Each structure stands twice: as structure tokens, then as C-alpha cells.
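Spelled out, the chains give:
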Amino acid sequence: MTTSLAIEVESDQVPAYQKEGTARGIEVESFALRRFDGGVAVSAVIIPLLSATLPFVTKMILGEIAARRHIKVKANGVEITGLSGEEIVKVLETMAQLVPGKK
């Protein structure tokens, strides 16, 4: 079973994730999260959490944090909150090491 990350970002950031993922050979899925009024405020980008995807994931997450844009990181349905960018990276690195048989 592959662990996936759901990274909630501003909708206009999705093409950057897709472009960067494609350039690195990483499958990036996305879907719009609709508000109650039907408008789209944010989108979720789904990326497999593997040792091979960590450089891509950390670059994108730290870029969002540095730019002070909206971002939420969820792994296995658990939202990672209240951490600095560097602390999030450490948590993700540890999680990627726990994925059986995937590097």
C-alpha cells in the first residue's frame, strides 16, 4: 500500500505542481475543493509519499510556506499542523522510511 500526501493549495498553484511532477516523472493528481456556494477556493494535490518523491514534495511545501500561501498537508488522513517547514519535512522523511518495500 502506498502512502499518499494530500496537499491543499490555492487553485492557481496546481499547474506548478503538475509541471514539476511531470518533469520528475512523478504522477500528480489534483481535484478542486468546492465551497458551499459552489466556488473553488483551493485544490488538493495528491502525491505518493516515497523516498524518491521527497525532494519534490519538500521543495513544493517549503516554497508555499516561504511565499506565505495557503497550504495544508495531510498524510493518511491526518493533517500535519503547527509545525515549521523543516519539522514537516522531518515528519515526511520518517513516514517515507516506514513505507514497506518502497524507496
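The preceding data block contains the structure.
Calculation rules
Residues numbered from 1 in each chain as written. Predicted model: local features only at pLDDT ≥ 70, side-chain atom pairs only at ≥ 80, totals over all residues. Heavy atoms only, no water. Helix = DSSP H or I, 4+ residues; strand = E, 2+ residues; numbered from the N terminus. Buried < 20%, exposed > 50% of the residue type's maximum accessible area, 1.4 Å probe, protein only. Contact = heavy atoms within 4.5 Å. Areas by Shrake-Rupley, 256 points an atom, 1.4 Å probe, with all protein chains shown as cover. Arc of directions from axis to C-beta. Salt bridge = Lys/Arg side-chain N within 4 Å of Asp/Glu carboxyl O. Lys, Arg positive; Asp, Glu negative; His and termini not counted. Polar contact = N/O pair within 3.5 Å; in protein donor to acceptor, adjacent residues only side chain to side chain.

For the protein chain, the helix and strand inventory stands at 3 helices and 5 strands. The helix and strand sequence of the protein chain, counted from the amino end, reads β-α-β-β-α-β-β-α. Residues classed as buried in the protein chain amount to 36% of the 103 residues present. Contacts in the protein chain between residues at least 24 apart in sequence constitute 64% of all its contacts with a sequence separation of at least 6. Taken as a whole, the protein chain presents about 6,000 Å² of accessible surface, with 54% of it coming from carbon and sulfur.

In this section: helix α1 (residues 14-23). When we look at burial in α1, the residues that qualify are Val14, Tyr17, Glu20 and Gly21. For α1, the buried positions fall inside an angular range of 135° around the axis, keeping them on one side. Those residues of α1 that are exposed and angled more than 90 degrees off the buried face are Lys19, Thr22 and Ala23.

The next point concerns the pattern of salt bridges. The full count for this structure, using the stated rule, is 3 salt bridges. The shortest N-O distance in the salt bridge between Arg24 and Glu20 comes to 2.8 Å. Judged by relative accessible area, Arg24 falls into the partly exposed class, the value being 39%. For Glu64, the salt bridge identified is with Arg69, shortest N-O distance 3.0 Å. Shared partners join several salt bridges into a network, and the residues in it are Glu20, Arg24 and Lys59.

Tracing the chain through its elements places Glu8 in strand β1 (residues 4-10). For the buried Glu8, no salt bridge exists, and the shortest N-O distance to an oppositely charged side chain is 4.2 Å, to Lys72. Within the structure, Glu8 has its side chain in polar contact with the side chain of His70 (distance 2.8 Å). Setting aside residues up to four positions removed in sequence, Glu8 forms contacts with Leu33, Val42, Ser43, Ala44, His70, Ile71 and Lys72.

Below, the discussion takes up the environment of Leu83. Relative to the elements of secondary structure, Leu83 occurs in the loop between β5 (78-80) and α3 (85-98). If near-sequence neighbours (up to four positions away) are discounted, Leu83 is found in contact with Ile88 and Val91.

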